[in-house]
Amino acid sequence: MEPVIETFESRKSHMCVKGDGISIPVCDKASLPGTVTQRTCVYGGARIVLMPITDSIHLVHGPIGCAACTWDIRGSKSSREDLYKKGCSTDLHETDIVFGGEKKLYETIMELNKLYHPGAIFVYATCVAGIIGDDIKAVCKKAEEVTGCRVIPVQSEGYQNHNKTKGHWIGGDALLDYVIGTKEPEKTTPFDINIVGEFNVAGDLWGIKPLIEAMGINIISTLTGDSHVEEIAQAHRAKLNIVQCQKSSNYVAKKMEERYGIPFIKVNFFGLEQTVNSLRDIADFFGDTEMIERTEEIIADGLKEVEHKTDEYKKRLEGKTVALYVGGNKAWSLVRAFEELGMDVMMSGTKNGIKEDYERIKETVKDGTIIVDDANSTELARLLKKYKPNLLISGAKEKYISLKLGIPFCDFNHDRISAFAGFKGFVSFAKEVDASVSSPVFNLSSELGGGLNGT
Amino acid sequence: MEHDKKFSVVNPSKMCQPMGAVQALLGVNDTMPIIHGSQGCSTYIRFQLTRHFREPIDVASTSMSEKTVIYGGEFNLMKALKNVSEKQSPKMIAVTSSCLTETIGEDMEGIIEKFKDANFDKNLPIIVPISTPSYVESHVEGYNRTIKALVENLAESSTPNGKINIINGILSPADVKNVKQLLNDLNCPNIMLTDTSENLDAPLSEETLGLYKDGTTIEEIQDTANSLGTISISKHADSAATFLEQKYGVKSVSGPLPLGIENTDQFVNNVCELTGIEVPESVKKDRGRLLDAMVDAHSYNYHRKVAIFGDPDFVSGMTRFTSEMGMTPTVVCTGAKSNKFTEDIGLIASQKGIDPVVLAGNDLYDMHREIKDAGADILIGNSYGASIAEEEKIPLFRVGFPIFDRMGAQRISTLGYNGGTEFVDRLTNTLLDFYYDEAGYELEKSEEIIEEELFAEGEFV
């Protein structure tokens, strides 16, 4: 069989075409040393799931670089505090490496608590904190006793695993072990839920929340978009967890099911059809006739509100091809939304996918779709050159590879500027996609000196 | 003033050594940087660089994991060297360390030697190890060490070349171009350490993907031993110049960054002194144009309070430049601890009769506190200043690194006479946009804000 693209022998099995044989690429393997991997570290994975907790200080225990490159990059919006956007670090120096950083960590926690009186202080372990053997758990415990503020250790030493998914789990563990179940709600209703794996990037949560509340559902907490730590503390009293980002957050939902018997359903608010299905799934779960009727009204209103609003975009997007290369969840959750625009998903891939993720992708995409795992920058450039999609959906690091090849690009990651979830979100989604795919700048000759005649 | 913060860093104004190392390496031709560490180091550094320069940035990683941390990273580094040599075959591989590999005590030089021995029969790239522990100093030192490592490993004495070596420090590609242009205008042949001007401001073309075809060549770095002198326009990156002076007798001159009239004059004088060149008419005219721009704008700038933050050489240069323009620097802040910086500012303060609050080794939290106290009409620095400017209701003039919320960070000019002219125009226009109405009259804005503050503090009630 011809390989999808030319690359290292060991990497060829990380790419396949749906329909051929097993249709699932080899995945969850350490990246080849010496390649420009698009992956990040375990610390990054943990930070990204916890950072949207807005009333908390996120303190990075390590040398300055770990904090300096990751503060305020989540694109996660807040309706209340902006404490979570501060870049806090213990800024470990050589002497701390030699003599240990525990004392500095303790003093830093005390100081930050005094300065900000946060809802909680999350303390992230980095590579160096792990190697020098700082006992961040003990320091956090002591600091919590003295301050009365929640001080939560996150054991996220960067080198632990090649897959940042491990970091998502570690972030989830911090919530499970130290936050969830530590506070009782003042009142409960028969329809209490948590929204899990929704990080409010560009305000996505705000497209979903009103729909769910209109159904007569009480949202106890969001994990973790636009949340306060005291809300998450009450999450154990929910009757249902709905999971939007299944890549990062199935883990927490499963654990909550084990510990508290809370069932969970997977939802997807990207695209009209998926939004409708998700709302119906939630209503069906509760089985309340009145709620089911109300949900149908909400759906009818929602669809009516956006009717014909995407027609103009669809006209231009019909038949255009799109390649997805994302962290995980969007590799399947966006597929239907693109199909609703009349577009054709010709490639889908993730940087950190595990087997169950690729099962999901395989179920979702049509035959002939290329499925790729952990493509490094050279491979990505080759894929784009060879298969020439009309659009690439990926993150900041991939953006300019695509643009230099003259392939339109949309950022669906942290730098996204409009909310795409829910009914109205779909209109913004269509508008944004159109703005990339249909821009005339891509029609200009991009060969060096392309339109010039002189010699 | 009472200091309420001693231990924590809140909103850093510095990055770690590998970041500076990578910025230096991105100006070298046909070279692949590898960070020997966790994947996060290269990925987050690439993320910052990509969103600033709006260019694809390739930095490989040795992808260290738990097992390799316990048993050492030799296997990963050997494998990385093999993969890069075979698949990309660059002329040079530059391996920087990280906090992880420094702490576990990796012998990078030994591993590299072992790799070379095992592949003695192959045509390998030049391999340069660079020790950049993230827990020592900052990105500025990472840049310094990288230039030094390049020169130490590559410089070779042969015939005198009549050139001047320039150590740039971390500059925008446009400013590297400005320095090059000024040297070209002076007819001064030069070697830029390093030249990011094309690599990080590349045209839209798939040919610019992959290893850099522009930038300082290996041969040029080898030839630095034969130059007339080295001018480190970044004083904080002059270790390579000292090395060249001691080993090859190449004269070393430290500073200044050609920012503003006096500093650019000094730079041009330094070049002329080393080379015996006479200043051509065209350069004199460019100087005159900068003066003309400063005079044209003087009434808008006079006594405007300015706060400046960023890398140490930039901040001290900008302190002098804005003082020349008649502005009043009130707070100047750099994330790196540096005596050179505090001395420079002290000298400028005494010459110009200003008395700014000087922060060295501080963060943006500290700077914000001082701005609240000392006041500022405009803030000059990178995108991380945006929330401070917003809160203080003053404009942020974006220059430095990183700039991710505006277009064109690659093309921001400040250096030399021509870059300076562009800067003066843009800075003054920012003030005009903010403090003057459409008819050109000054708004009451500044006074209004002061009154609001006083009322809020209850002094008038």
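As the structure is a computational prediction, the values presented were derived from the model and not from experiment. (Residues numbered from 1 in each chain as written. Chains lettered and ligands numbered in written order. Predicted model: local features only at pLDDT ≥ 70, side-chain atom pairs only at ≥ 80, totals over all residues.)

Participant: So what's going on with the overall build of chain B? Which residues, and what values?
Facilitator: Along its length, chain B carries 18 helices and 14 strands. Projected onto the principal axes, the alpha-carbon positions of chain B cover approximately 80 × 55 × 40 Å. Classification of the 461 residues of chain B by burial places 59% in the buried group. (Helix = DSSP H or I, 4+ residues; strand = E, 2+ residues; numbered from the N terminus. Buried ≥ 20, exposed ≤ 12 C-beta atoms within 10 Å, placed from the backbone.)

Participant: Quick one: what's the story with the overall build of chain A, residue by residue and with numbers?
Facilitator: Helix and strand counts for chain A come out as 19 helices and 14 strands. Oriented by its inertia axes, the alpha-carbon framework of chain A measures out at about 70 × 60 × 45 Å. Across chain A, every contact between residues at least 6 apart in sequence was considered, and the portion connecting residues at least 24 apart equals 72%. (Contact = placed C-beta atoms within 7 Å.)

Participant: Which residues make up the environment of A:Ala430, and what are the values?
Facilitator: Residue and element names in this part refer to chain A. Mapped onto the secondary structure, alanine 430 falls in helix α19 (residues 422-437). For alanine 430, a count of 24 C-beta atoms within 10 Å puts it in the buried group. Between the C-alpha atoms of alanine 430 and glutamate 293, which are 137 residues apart in sequence, the distance is 29 Å. Among residues more than four places away in sequence, those in contact with alanine 430 are Thr310, Tyr313 and Leu341.

Participant: Break down the sheet that holds strand β7 (residues 190-193) of chain B for me, with residues and values.
Facilitator: Residues and elements named next belong to chain B. Sheet architecture is open: four strands sit in the order β7-β6-β8-β9, paired in parallel fashion. Only two strands of the sheet have a single neighbouring strand rather than two, namely β7 and β9 (251-254). Adjacent strand axes in the sheet meet at a mean angle of 20° when their direction is disregarded. Relative to β9, strand β8 (residues 229-232) runs parallel, the two sharing four bridges. Bridging across to β9, isoleucine 231 finds its partner in valine 253. (Pairing = 2+ DSSP bridges. Axes fitted to C-alpha atoms, helices over the stretch in contact; angles between N-to-C directions.)

Participant: Can you break down the sheet that holds strand β1 (residues 15-17) of chain A residue by residue, with the values?
Facilitator: Residue and element names in this part refer to chain A. Pairing in this open sheet of six strands is mixed, and the strands run β1-β12-β11-β10-β13-β14 from one edge to the other. Edge strands, defined here as strands with exactly one partner in the open sheet, are β1 and β14 (409-411). The mean angle between the axes of side-by-side strands here comes to 15°, regardless of whether they run parallel or antiparallel. Against the sheet, α19 makes contact with β13 (391-394) and β14, and its axis sits at roughly 145° relative to β14, the strand it touches most.

Participant: Which residues make up the domain arrangement of chain A, and what values go with them?
Facilitator: Residues and elements named next belong to chain A. For chain A, the assigned domains are domain 1 (42-178), domain 2 (192-306) and domain 3 (311-443). Relative placement of domain 1 and domain 3: their C-alpha centres are 33 Å apart. In this assembly, six residues from domain 1 lie in contact with five residues from domain 3. Per-class residue counts for the side of domain 1 that touches domain 3 are one nonpolar, three polar and two charged. (Domains from an automatic or database assignment. Nonpolar A, V, L, I, M, F, W, Y, C, P; charged D, E, K, R; others polar.)

Participant: Please provide a residue-by-residue account of the pairing of strand β4 (residues 92-96) of chain B, values included.
Facilitator: Residues and elements named next belong to chain B. Among the five residues of β4, five are classified as buried, and the element is accordingly described as predominantly covered. Side chains Met92, Ala94 and Thr96 project from β4 onto one buried face, and the interleaved Ile93 and Val95 project onto a second face that is buried too. Sheet topology places strand β2 (residues 31-35) next to β4; five bridges connect them, and they run parallel. Bridge pairing in β4 links threonine 31 to methionine 92. With five bridges joining them, β4 and strand β5 (residues 126-130) adopt parallel strand pairing. The residue bridging methionine 92 from the neighbouring strand is isoleucine 126, located in β5.

Participant: Just give me the short version of the interface of chain B and chain A, but keep the residues and values in it.
Facilitator: Across the contact, 60 residues belong to chain B and 55 residues belong to chain A. Listed by contribution, the elements that provide at least two residues to the side of chain B that touches chain A are β1 (9-10), α1 (17-25), α2 (39-53), β3 (60-61), α3 (66-71), α4 (74-87) and α5 (99-103) of chain B. Looking at the side of chain B that touches chain A element by element, the count peaks at 10 residues for α2(B). Direction of pairing for strand β3 (residues 88-89) of chain A relative to β1(B): antiparallel, over a ladder of two bridges.

Participant: Lay out the domain arrangement of chain B with the relevant residues and their values.
Facilitator: Residue and element names in this part refer to chain B. If you check the domain split of chain B, you get domain 1 (17-154), domain 2 (164-275) and domain 3 (281-451). Put simply, the middle of domain 1 and the middle of domain 3, counted by C-alpha atoms, are 35 Å apart. Between domain 1 and domain 3, the residue contacts involve eight residues of the former and 10 residues of the latter. With four residues, α2 is the largest single contributor of residues to the side of domain 1 that touches domain 3. Class assignment for the residues of the side of domain 1 that touches domain 3 results in two nonpolar, three polar and three charged.

Participant: Before we move on, could you go through the nonpolar core and cite the residues and values that matter?
Facilitator: Ranked by size, the top nonpolar core spans 271 residues in total, and within it A:Leu59, A:Ile121, A:Phe122, A:Val123, A:Ile152, A:Val154 and A:Leu324 carry the most contacts. Here A:Leu59 is in contact with A:Cys88, A:Thr108, A:Ile109, A:Leu112, A:Ile121, A:Phe122, A:Val123 and A:Tyr124, once residues within four sequence places are set aside. (Core = buried A, V, L, I, M, F, W, Y, C linked by C-beta atoms within 7 Å.)

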